[in-house]
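Examination of the molecular architecture
Read off the chains here:
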Amino acid sequence: MYQAEEFTLLPCPECNKYQVKIKETPQFLHIGNIIDGVDMRAEVGVLTRNILIKGETEDACYTGRECKFFSYDTFGGHVKIVKNFTSVHLSYVEFKQMGQQLLGAYPVHFHRCGDVDEKGGYSYKTYVEGLSIHHCFSRCVTIHATNGLLVKDTIGYDTLGHCFFLEDGIEQRNTLFHNLGLVTKPGTLLPTDRNITVCPVMRDRVFGNYVPVPATDCMAVSTFWIAHPNNHLINNVAAGSQDAGIWYVFHKVSTGESYGLFSETKAELSPLGIFYNNKVHSNFKAGLFIDKGVKTTNASSEDPREYLCLDNSPRFRPHQDADPEKPRVAALIDRLIAYKNNDHGAWIRGGDIIIQNSGFADNGIGLTFASDGSFPSDEGSSQKVSESLFVGESKNYGFAGGQNKYWGIGGAYSKSRTLPRNRTFPIRGFQIYDGPIHLSKCTFNNFVPTPDRFTSAIGFLLKNTWQVAPKNNISLVKFGENVSLKVFFGKPGLGPWFEECDLDGDKNSIFHDVDGSVTEYKDTYVGRMDNYLIRHPDCINITRWNGVVCSGTYAQVYIQAWNPQNLNITMVRDEYPSQPMILRGINQRAAFQQYQPVVMLGKGYTIHWNGQAPQTTYLYLINFNKNDWIQVGLCYPPDTSFQVTFDVFQRQASAYTSVEDYVSVSSLAELQKRQTERMFYFDDSTGLLFLFLQAKYHRDGHSYCSSQGCERIKIQANFKTKPISNCLKKAYPKYSQKPTVVMRMPTKNKGFCKECGATKMPFTSDPHKTYFLVQIHSPSTEELLRNEEASIVVNGIKFPFRGVGVLTVVIDACYYSASRETKAKEKFFPEVNIKQLEEYVRTVIPQRSIVILSSRGNIKNLNISQALMTLGAAKPASLQKMGSTSFLGFKGNFKPSWIKLFTSPAGQGLGQIEKYIPLQQEEYGCTGVNSIQRKDLELLKKAIKSNRNYGAYEH
């Protein structure tokens with residue numbers, strides 16, 4: 001983020017309309033390419049306008065509180081718009097040194113204006129357009145209790161606190177269209193604005209002696225702070241914030257000056273507005289963050305934290321009309337580009353949420369989905385990502401300096417590069433937390449571990465205390481050749497990131513490989529190698545992953561233990577008594593303890609305690625389909641008596657129905673014969689209470705529980721003695737079973753999956769352009785001696801050549817077809833006929849053609865300068881010497897910016913060259929091309945909901 005640079009434009013009569021001339025020398029590298037399929041071209045914004053509104057400031061800070069944190073004067077001007085105005089339209093105005101570290105004083109502030117669109121009676125919609133807000137002291141554009149505002153083509157640069165800021169959690173129907181925010185730095189106004197230094201110092205609004213905790217109370221400053229999901233974000237870029245690029249936060253009630261005006265905002269229940277084609281990069285915490293809320297009560301002895309600090313409680317779960325009784329409405333995130341974010345490209349909690357057509361590259365973790373809550377309060381939902389690209393380490397190696405303090409050797413290309421977090425942080429493309437998640441038609445490239453760092457395409461949340469759903473599924477995924485670790489489950493002792501890998505979620509990590517595109521075994525489940533609750537004799541270990549691949553069907557048991565509530569449990573599969581799983585549970589300070597192991601269905605298990613057995617235990621059936629079952633034995637003292645009941649728990653009403661009592665039988669054999677009936681057997685010789693967990697009702701979709709509610713068994717135990725209830729030594733070998741296979745392992749997949757992977761690459765900020773990928777391989781002398789071929793590859797179609805000479809591939813820049821015959825025309829010029837190349841270029845190749853040229857071998861007298869100049873090259877240096885040459889050129893009355901000449905000394909070769917080249921551009925002279933981005937305009941029309949006013953924005 002701190003590699004953003006300011007330049008002064010100079011007069012340049014010699015420049016064409018795609019060029020500018022600048023005064024200063026750049027200090028940092030600024031990428032201008034689409035790299036590895038992800039658009040990493042640096043944004044360029046003009047800061048000056050012909051109307052300037054500038055705050056008057058002193059040379060140094062002179063006030064009290066602010067001078068503890070800032071060495072400069074932060075008392076600038078501000079513009080406030082209040083309700084009942086006739087019209088407000090701000091266009092192409094520059095704001096500098098505006099805003100104050102005081103509430104209510106911002107560069108541009110719409111203050112409690114209500115509805116400012118047609119709903120508010122404004123026939124000409126209120127908007128701000130083309131503003132430049134830079135070097136300001138408090139936010140950029142504040143939208144406070146204002147609905148229906150359009151903010152378009154606006155730059156927010158080098159500012160303090162949340163930049164584009166929705167304030168009270170009630171702001172809706174606002175449209176943020178094609179804005180650029182960058183260098184968003186921490187401020188002081190709200191806890192969420194503050195950084196690790198300011199947060200614990202500002203204590204005037206906490207209760208008593210409470211010291212704010214930066215990681216949980218503060219550290220959330222964001223370029224786009226969206227306090228209600230019913231707003232529209234289209235074509236925006238968040239290019240560098242101390243914490244997050246775009247943060248969706250959820251207010252349970254209206255806050256600030258709107259407090260009490262609305263009993264509840266229903267923000268977490270409201271459907272998401274339009275989210276299309278937004279880019280987030282160079283942010284320190286996350287590119288996109290959808291999670292958490294703010295504290296909506298004042299500090300007190302019960303909760304000493306400050307009002308409006310971060311809070312964990314709200315979870316995004318959109319429903320029709322924001323009504324939890326009505327159907328869920330999936331939130332659609334279409335075309336998110338996230339790269340070079342230090343921690344997460346995107347962290348997204350909630351359900352149901354869909355991400356599609358998105359690209360992630362060079363992030364610590366590309367994407368993490370988290371479910372919208374913890375069972376049993378979470379009713380079950382899903383998140384899905386499809387048609388997306390994940391790149392571990394791209395060829396954009398970064399540049400030392402600024403905030404890039406982590407620098408080391410990468411795994412994918414063995415080059416020095418910027419690294420996320422630090423040298424040892426385990427990079428993951430897609431991270432599974434709990435689920436259920438659905439990953440389909442995605443591509444993974446460049447995930448290569450190093451001796452210092454585990455880098456995997458798919459991984460799991462580290463040090464996870466909670467559930468991992470067996471309904472997580474992956475299908476139709478593609479792994480590039482440069483992916484040497486597809487999946488990694490972690491291992492004990494691998495530094496601070498993994499520690500002992502001994503928490504409940506770590507042990508129960510699992511996903512379903514639907515079609516075998518991950519493991520090559522269709523309809524199998526992938527879990528941790530030491531998890532014997534899910535294994536059978538035919539499972540296949542993949543040691544490199546610390547994983548195991550098994551066939552079978554799986555579900556979960558949610559175990560709730562009351563009095564005592566601080567127990568560990570030991571769970572054993574009857575077939576593997578020497579391989580128990582110890583579960584610690586979570587919520588150690590709660591009134592009950594809870595555990596959630598994954599189990600293979602149709603098997604028997606026993607549960608043992610490391611202390612007195614709980615007096616009350618609930619067993620919930622999670623992800624059980626109708627008639628699915630397991631047998632469970634729970635350990636109790638021999639003198640225990642039981643009351644066992646079945647019921648169906650209704651979450652919304654917090655009530656239970658269908659209550660049935662269990663009756664005792666005299667043997668395990670009798671219980672097994674009558675497993676569908678409500679019966680239990682207590683073997684007082686071993687201390688095991690046996691019963692069957694069998695689903696009675698059908699389960700719909702992604703719900704954890706049945707369509708009738710959550711089926712559960714309550715065990716009330718009464719005992720006189722209170723010994724440690726661990727029955728392992730008595731239970732086995734008495735109840736040991738020979739390991740058997742319920743579902744046979746499939747045969748290994750054969751052949752290449754043509755339908756796997758994302759199909760719409762590259763992922764760019766101009767999605768309406770058509771690109772094709774050119775890859776040129778130019779071998780060195782050593783490689784040539786091994787008879788390695790040179791080649792030009794166009795969108796996966798290879799044009800190889802082994803002879804000494806020059807290969808040309810010609811593509812019609814205005815026409816693109818899927819067939820090789822019409823897509824590209826190749827012609828090879830051997831060394832003896834090299835002089836014919838110039839005439840071929842000049843007379844045969846038609847206008848409006850893209851020409852790719854590459855040489856092979858040490859060609860003497862390679863005089864092709866005129867041919868290159870005809871294709872747009874500047875006067876090249878002498879090419880008479882032996883060496884390698886490759887060229888991307890265009891024949892026509894236009895010189896595209898992508899034209900490039902590559903040369904190397906004799907014998908070295910050029911290695912692998914990759915370039916995405918746009919097609920069907922008006923500048924090429926193509927006819928019938930509408931340069932207006934139709935989908936963007938339609939989305940904007942939909943967002944502002946007013947066709948008659950649309951002409952004002954069409955330009």
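Whatever comes next refers back to the structure up there.
Since the model is a prediction, treat every value here as computed from it, not as a measurement. (Residues numbered from 1 in each chain as written. Predicted model: local features only at pLDDT ≥ 70, side-chain atom pairs only at ≥ 80, totals over all residues. Heavy atoms only, no water.)

**Focus on the overall build of the protein**
Counting its regular elements, the protein contains nine helices and 64 strands. For 955 residues, the compact-globule estimate of 2.2 N^0.38 gives 30 Å, and the C-alpha radius of gyration of the protein, at 32 Å, lies within 12% of that figure. Dimensions along the principal axes, computed over C-alpha positions, put the protein at roughly 100 × 75 × 50 Å. In the protein, which comprises 955 residues, the proportion classed as buried is 58%. Here the analysis covers contacts within the protein between residues at least 6 apart in sequence; of these, 71% occur between residues at least 24 apart. Total accessible area on the protein is roughly 38,800 Å²; 50% of this is exposed by carbon and sulfur atoms. Averaging the locations of the 104 positively and 91 negatively charged side chains of the protein gives two centres separated by 4 Å. (Helix = DSSP H or I, 4+ residues; strand = E, 2+ residues; numbered from the N terminus. Rg over C-alpha atoms; globule rule 2.2 N^0.38 Å. Buried < 20%, exposed > 50% of the residue type's maximum accessible area, 1.4 Å probe, protein only. Contact = heavy atoms within 4.5 Å. Areas by Shrake-Rupley, 256 points an atom, 1.4 Å probe, with all protein chains shown as cover. Lys, Arg positive; Asp, Glu negative; His and termini not counted. Charge placed at Lys NZ, Arg CZ, Asp CG, Glu CD.)

**Things to note about unusual backbone geometry**
For residues that are not glycine, phi is negative in most cases, and the peptide bond is trans in most cases. The omega torsion of the bond from N563 to P564 falls at 0 degrees, within 30 degrees of zero and hence cis. Tracing the backbone shows P564 in the loop between strand 42 (554-562) and strand 43 (569-573). Omega for the peptide link from Y732 to P733 comes to 20 degrees, which places this bond in the cis form. In this fold, P733 is placed in the loop between helix 4 (728-731) and strand 56 (770-778). Its identity is not glycine, yet H135 carries a phi of approximately 50 degrees, on the positive side. One can find H135 in the loop between strand 11 (132-134) and strand 12 (141-147). Backbone geometry at S414 places phi at a positive 55 degrees, although glycine is not the residue there. Note that S414 resides in the loop between strand 31 (407-409) and strand 32 (416-418). When its relative accessible area of 55% is taken as the criterion, S414 is described as exposed.

**Overview of the side chain of D506**
Relative to the helices and strands, D506 is located in helix 2 (residues 504-507). One buried charged side chain, D506, makes no salt bridge at all; its nearest oppositely charged neighbour is R528, positioned 5.4 Å away. At a separation of 3.4 Å, a polar atom in the side chain of D506 contacts the main-chain amide nitrogen of K463. Sequence-distant contacts of D506, defined by excluding residues within four places in its chain, comprise L461, L462, K463, N464, C501 and R528. (Salt bridge = Lys/Arg side-chain N within 4 Å of Asp/Glu carboxyl O. Polar contact = N/O pair within 3.5 Å; in protein donor to acceptor, adjacent residues only side chain to side chain.)

**Section: the sheet that holds strand 47 (residues 604-609)**
Through backbone hydrogen bonds, the strands of a sheet pair up, either in parallel or in antiparallel fashion. Taken together, seven strands build an open sheet; the order of strands is 44-43-47-49-54-53-52 and the sheet is mixed. The outermost strands of the open sheet, each flanked by one partner alone, are strand 44 (581-583) and strand 52 (663-664). Pairing between strand 43 and strand 44: three bridges, direction antiparallel. Within strand 44, the residue paired with T570 across the bridge is I582. (Pairing = 2+ DSSP bridges.)

**Brief notes about the environment of N625**
Here N625 is to be found in the loop between strand 48 (616-622) and strand 49 (629-635). When the C-alpha positions of N625 and R65 are compared, they lie 61 Å apart, and in sequence the two are 560 residues distant. The contacts of N625, once residues within four sequence positions are left out, are A695, Y697 and R699. Looking at N625, its side chain comes within polar contact range of the side chain of R699, at 3.1 Å.

**A short note on helix 7 (residues 836-844)**
Inspection of helix 7 places L837, Y840 and V841 among the buried residues, and these make up the whole buried set. In an axial view of helix 7, the angular spread of the buried residues amounts to 95 degrees, which keeps them on one side of the axis. Contacts from the buried residues of helix 7 go to strand 59 (805-812), strand 60 (825-830), strand 61 (849-856), helix 8 (865-870) and strand 62 (883-891). (Arc of directions from axis to C-beta.)

**Section: the pairing of strand 18 (residues 222-226)**
Of all five residues in strand 18, five are buried; the element is thus mostly enclosed. In this structure, strand 15 (residues 164-166) lies alongside strand 18, joined through two bridges in parallel fashion. When the bridges of strand 18 are listed, F165 appears paired with W225. In the sheet, strand 18 pairs with strand 21 (residues 244-250) via four bridges, with the strands oriented parallel. Pairing of I226 across the sheet is with Y248, part of strand 21.

**Considering the pattern of salt bridges**
Overall, the coordinates contain 45 salt bridges when judged by the stated rule. Between E43 and K279 there is a salt bridge; the shortest N-O distance is 3.5 Å. Pair noted here: E43 is in the loop between strand 4 (38-39) and strand 5 (52-54) and K279 is in strand 22 (residues 275-281), with a separation of 236 residues, a long-range link. We classify K279 as buried; its relative accessible area is 4%. Each member of the salt-bridge network shares a partner with another, and the members are D39, R41, E43, K279, D766 and K769.

Note that every value here comes from positions in space, so none of it alone points to a role or purpose.
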